[in-house]
Amino acid sequence: MALSLSPAQSLWLSSPTLSSGSRAEPLRAHRASSPAHRASRGRSLGLGAAAAAGAARHGRRLGRRATHASVSTYRKREEKRELRRRWLAGIEQEEEEEEKELEVPSGVAPVFPSVEEASGSRPGGEPRASEDNEPLDWANPGLNVLERARLAAEDWGGWDQGTDPAAQLGVKEMIPLPRAFRIRLSEAFVPKSIKDFIELHQLGNRKLPKLKRGERRPAIFAGSDPAHDGRQGSVDDGRSDTLGRMAIAVHKGFLRQRARCHPNGEEAPSPERPEVAFIGASNVGKSSLMNALTRTQQLAPAKDDPGVTRSIDWYKCSRLPVDVIDLPGYGYAKGAQYGPLVADFVKRRKSLRILYCLVDARTGIRPSDWNFYASLGDDGPEKIFILTKCDMVVPKMLGKVATLVLEDIRSVPRSSQRLIMVSARMGQGMHDLRCHLCSRAVSMVQEVKRRQSELNERLRSV
Ligand SMILES: Nc1nc2c(ncn2[C@@H]2O[C@H](COP(=O)(O)OP(=O)(O)OP(=O)(O)O)[C@@H](O)[C@H]2O)c(=O)[nH]1
Ligand SMILES: [Mg+2]
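Residues numbered from 1 in each chain as written. Chains lettered and ligands numbered in written order. Predicted model: local features only at pLDDT ≥ 70, side-chain atom pairs only at ≥ 80, totals over all residues.

As annotated in an unreviewed UniProt entry, the protein chain is EngB-type G domain-containing protein from Durusdinium trenchii.

Shown next, in the form of structure tokens:
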């Protein structure tokens, strides 16, 4: 087949840069290195002055003179840049319009209904009476109003472990959801406060924003929380208040193992400080989250395998006046069943002041979680819910799961009505968690001091 070339192609093929081995090569190379020559070459190829200068710059980077090839690459790049500029301008315009009506939330947490409003009872008080004024029966969570609705829409066979997706060996990435949860997900209406919160903290599976040229994230936040871009006045930039500064200190601190005992907790060490613990199903990410608190990688063993942590581990944090406990997970854990043992330990341990309950953002609260909360009943410390692995779901889905989890935790006794959303892997939301931990640590220490001074006064009066 005959090869026919257009005039431009034949010009390109006969271009001096392609004729290697020519005697004129050293001279050409010398001329090509001159910016004036490259610019004039660009002009001779029919470009405007600015484009010719750009082509010259481009050629300089490649160490070549401006040829048709480099000019067309330059043009393509310029076109792409122009498209991007227009696209960004469009987005900015849309954002400006949205901002007019958007009320930016405080940045710490969306405002959710108070416990009293939501449940008609104090946290830690009586379990909420159901709509038809029946008290909740925690021995049978199926009587819960929400659960009744769930069961009505669903045909799973009760609350036995067999239905727990976590118990299915070999299923790692795609955990099958119960049918009821899928139905609720599809019908969930996500409040604006939750959507705004997710946007504000850039939660969910998304590309992290690039900083402008010359801008740098402060080292302490690097890879830690994209909401903290270090710009003056950015949301939760961590500098504005004492709590933020404390959270930064925790982030820069380190964890050290203090003690370890069997999951039955019989040889538990005596308490030295108030304690907080992470609990959740096996493989939900408790140990990873604890490591991410101070970015002490590999301290608590964490693997993509249920049943890695098989003991109760006490860690002390250099910058926090509380001890952190890593508990074994409940649900499937390689043949072991730690749920009842851990529930007993949590009920008995008086120095345990907060139970951070971890829930997988891909699945929401699962039957094994309900079983565990039911086995705790009204006992144990206050529960704070954390949605983990937020980087594994898209923001839209995250909003739905968060809405459902917030709805569900209203029925859990002694639970706070706030939800902390984090990703231990990407660092999103970790500052929020640290702030929460610090604020509680401060109030715990104040309480201990108050009690001590009361005791001293009593002793003096006697
Ligand atoms: N993508 C992602 N993966 C996570 C996150 N947190 C934990 N993981 C992964 O989840 C797997 C389990 O983490 P672990 O910390 O061992 O879970 P665990 O709850 O301590 O598990 P047990 O000790 O067996 O009860 C590991 O492979 C982690 O890398 C997260 O926020 N995002
Ligand atoms: Mg673990």
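**Q** How should I be thinking about the site of ligand 1 in this particular structure?
**A** Among the 25 residues in the neighbourhood of ligand 1, the closest are listed as Gly285, Ala302, Asp304, Thr309 and Gly329. Per-element tally for the shell around ligand 1: the top contributor is helix α11 (residues 286-293), with 3 residues. For the shell around ligand 1, a count of residues per class yields 8 nonpolar, 11 polar and 6 charged. (Near = placed C-beta within 6 Å. Helix = DSSP H or I, 4+ residues; strand = E, 2+ residues; numbered from the N terminus. Nonpolar A, V, L, I, M, F, W, Y, C, P; charged D, E, K, R; others polar.)

**Q** Is there a simple way to think about the packing of helix α9 (residues 192-200) against helix α14 (residues 395-409) in this case?
**A** Describing two packed helices takes the angle between their axes plus the distance from one axis to the other. Look at α9 against α14: their axes get within 10 Å of each other, and the N-to-C directions meet at 130°. Taken together, the axes of α9 and α14 are oblique relative to one another. Considering the relative orientation of α9 and α14, their crossing is right-handed. Where α9 abuts α14, its residues Ile194, Lys195 and Ile198 lie against Pro395, Leu398, Gly399, Ala402 and Thr403. Taken together, the residues of the contact of α9 with α14 sort by class into 5 nonpolar, 2 polar and 1 charged. (Axes fitted to C-alpha atoms, helices over the stretch in contact; angles between N-to-C directions. Parallel < 35°, antiparallel > 145°, perpendicular 65-115°, else oblique. Left-handed = near helix turned anticlockwise from the far one by under 90°. Contact = placed C-beta atoms within 7 Å.)

**Q** I keep staring at unusual backbone geometry and nothing clicks. Help me out?
**A** Apart from glycine, the bulk of residues carry a negative phi angle, and the bulk of peptide bonds sit in the trans form. Positive phi outside glycine occurs at asparagine 283, with the angle close to 70°. For asparagine 283, a count of 24 C-beta atoms within 10 Å corresponds to the buried category. Phi is positive for arginine 414, which is not a glycine, with a value near 55°. Structurally, arginine 414 is set in the loop between α14 and β7 (415-421). Residue classification places arginine 414 among the buried positions, given that 20 C-beta atoms sit within 10 Å. (Buried ≥ 20, exposed ≤ 12 C-beta atoms within 10 Å, placed from the backbone.)

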